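# Topology and contacts: notes
What follows is each chain in one-letter form.
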Amino acid sequence: MQKGGRSNPGGFLIEQRRLEKQPAEQRVRAFTEITLKPTAERGTAQASRCTDCGVPFCQNACPLQNNIPDWLALSADGDLREAWRVASATSTMPEICGRICPQDRLCEGACTLQQSGWDGVTIGSVEAWIADAAFDNGWVEPIRPLAERGQSVAVVGSGPAGLAAADRLRSEGYAVVVYDRHDRAGGLLTYGIPGFKLEKRIVQRRVDRLIESGVEFALNTNVGVDVTMDELRARHDAVLLAMGVYQARTLSVPGRGPNDTVAALDFLIAQNRVDCGDAADASAPHAAGRDVVVVGGGDTAMDCVRTAVRQGANSVVCLYRRDRDNMPGSAREVQNAEEEGVRFEWLGAPKALMSKGEAVVAVRAHRMALTEAAPSGRRDIAPLAGSDFDLPADLVIEALGFEPEAFAEQLDAGLGLTKWNTLQVARGGFATTLPGVFAAGDAVRGASLVVWAVRDGQDAAAEIDRYLRARTEEAAA
């Protein structure tokens, strides 16, 4: 290692080693994170594998444009505190993104070593290690603005976009109130992502820091029901809408009745509430002793199949209409699911739900074939004649993605919507059609990655800051 924080150009010869995982037979008994905490020796060794490329492809592939080579070099030098400072300069949630980002499709997939056949640097695990060290050593302090602005901002939604925006707005000296309809902050970080990927304490300590910084949380408050948009706009100088998208897509097949399937989020929320310390709800969907079929191929589907295994399902099958290479979920999560006993039926699509009496007993599916690539680059699918097969199932979970809710009806008739029913914002910005009201995250871009929500929340906060400063200057003129 050379002085000045530049990494060892020969470090790539060190073997790539991801964080050690608990054995599958052990980890499926609990909802705690499956990875084991790295030693300082292993963390610095992996960080030192960075070759300090002239063009940092890893940084370019990161939605947050994190200064990855810089904090890898600092970590390799053992200067974790400075590495944390650099990492947190561009991201309000390094400890969360380091755990749940699909790095194989982002920074790690773009790593020059990965592209050269040497196996990429394990960027995500180093990022989480740096952040955990910062919290453990007390380097993460409450936000103390240089000056109070004397203006307030309402943030609607406490998911990643809302929390990121609250962090940046408070840093600029604004009074921030975060409104959320749930009883806990965190949005999908708390109620959508299982503890074996992201323990609830990790989310809560980030929320606690915001509270210590002076951010207020108005929980159990459904904007549009408990408080109107007009009231919010009257109370605050600006409003940011960061509610996410929660409307589940549903199967459209013969035999599906209103109570024959379970929405993925309902299934996950029930278990996450237990992980948060709530008493189990006897009426909530549970996989114990049941044959489970999860329909879908994204990360939410992976969360469902792995949750079902831990709940004690008799069998767990993931039914996905495309092949493994075209699966939208993280390859890492697919591997974890397979290790834990999940069976994948690739190129299989549901055709009907089969019932005995009033109870579903099987999913009838048929095989699909991939067609030639379309001009867009995506290969379509077509059913194969005579390829029907049945999967035993007395619990069918729909993990087909999410759509926007009726934002305009619930919030305000003056809010413009796109053709996808997401909130309409100005080109290249976050301002909605209502003056002083902004929007960010999945409510604007549709269901997407947590890291994109963080990026949107931070950028929206910067735009709100510019807007309020301009108004202050106009008033003073």
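None of the values given here were measured: they were computed from a predicted structure. (Residues numbered from 1 in each chain as written. Predicted model: local features only at pLDDT ≥ 70, side-chain atom pairs only at ≥ 80, totals over all residues. Heavy atoms only, no water.)

## With respect to the sheet that holds strand E1 (residues 152–156)
As summarised here, the arrangement of the 5 strands in space is E3-E2-E1-E4-E16, forming an open sheet in which the pairing is parallel. Every interior strand has two partners, whereas the edge strands, strand E3 (216–218) and strand E16 (437–439), have only one. Ignoring strand direction, the axes of neighbouring strands in this sheet form an average angle of 20°. Sheet strands in contact with helix H19 (residues 450–476) are E1, strand E4 (238–241) and E16, and its direction is about 165° off that of E4. (Pairing = 2+ DSSP bridges. Helix = DSSP H or I, 4+ residues; strand = E, 2+ residues; numbered from the N terminus. Axes fitted to C-alpha atoms, helices over the stretch in contact; angles between N-to-C directions. Contact = heavy atoms within 4.5 Å.)

## Considerations on unusual backbone geometry
You will see that Gln65, though not glycine, has its phi angle at about 55°, which is positive. Note on placement: Gln65 falls in the loop between helix H3 (57–61) and helix H4 (68–76). Residue Leu347 is not a glycine yet carries a positive backbone phi of 50°. You can see Leu347 is positioned in the loop between strand E9 (343–345) and strand E10 (348–356). For Leu347, a relative accessible area of 22% gives the class partly exposed. (Buried < 20%, exposed > 50% of the residue type's maximum accessible area, 1.4 Å probe, protein only.)

## Some remarks on the pattern of salt bridges
In this structure the tally under the stated criterion is 32 salt bridges. Ionic pairing is found between Arg181 and Glu405, a salt bridge with its closest N-O pair at 3.0 Å. Of this pair, Arg181 sits in the loop between strand E2 (175–179) and helix H11 (188–191) while Glu405 sits in the loop between strand E15 (402–403) and helix H17 (407–410), and the two are 224 residues apart along the sequence. Sharing partners across several salt bridges, the network here consists of Lys21, Arg27, Arg306, Arg310, Glu333, Glu339 and Glu340. (Salt bridge = Lys/Arg side-chain N within 4 Å of Asp/Glu carboxyl O.)

## Structural notes on the packing of aromatic side chains
Under the criterion given, the structure shown has 4 aromatic pairs. Between Phe344 and Trp346, the ring centres sit 4.8 Å apart and the planes meet at 10°, which makes this aromatic pair stacked. Neither Phe344 nor Trp346 differs from the other in exposure class; each is buried. The ring of Phe135 carries the charged tip of Arg205 above its face, separated from the ring centre by 4.0 Å. One cation-aromatic arrangement involves Arg310 over Phe196; the distance from NZ or CZ to the ring centre is 4.1 Å. (Phe/Tyr/Trp six-rings, centres within 6.5 Å; stacked < 30°, edge-to-face > 60°. Lys NZ or Arg CZ within 6 Å of the ring centre and 35° of its normal.)

## Side note on the sheet that holds strand E6 (residues 262–263)
Read across the sheet, 5 strands follow the order E6-E14-E7-E8-E9 without closing on themselves; strand pairing throughout is parallel. Only two strands of the sheet have a single partner each, and these edge strands are E6 and E9. Where strand E7 (residues 291–295) lies against strand E14 (residues 395–398), 4 bridges are found, and the strand directions are parallel. Considered in E14, the bridge of Val294 is made with Ile397. Its contacts with the sheet place helix H15 (residues 299–310) against E7, strand E8 (315–319), E9 and E14, and it is angled at close to 170° to E8.

## Some remarks on helix H12 (residues 200–212)
For H12, spanning 13 residues, the distance from its first C-alpha to its last is 18 Å, which sits close to the expected 18 Å at 1.5 Å a residue. Buried within H12 are the following residues: Lys200, Ile202, Val203, Arg205, Arg206, Val207, Arg209 and Leu210. Following H12 by one or two positions, Gly214 adopts a phi angle in the positive range, close to 105°. (Expected span 1.5 Å × (residues − 1).)

## Comments concerning the UniProt feature "domain: Dihydroprymidine dehydrogenase" (unreviewed entry) in the protein chain
What UniProt calls "domain: Dihydroprymidine dehydrogenase" (unreviewed entry) maps, in this numbering, to residues 28–138. Across residues 28–138, the secondary structure splits into 56% helix and 0% strand, with the terminal C-alpha atoms separated by 32 Å. (UniProt positions renumbered as here; feature names shortened; annotations may be inferred.)

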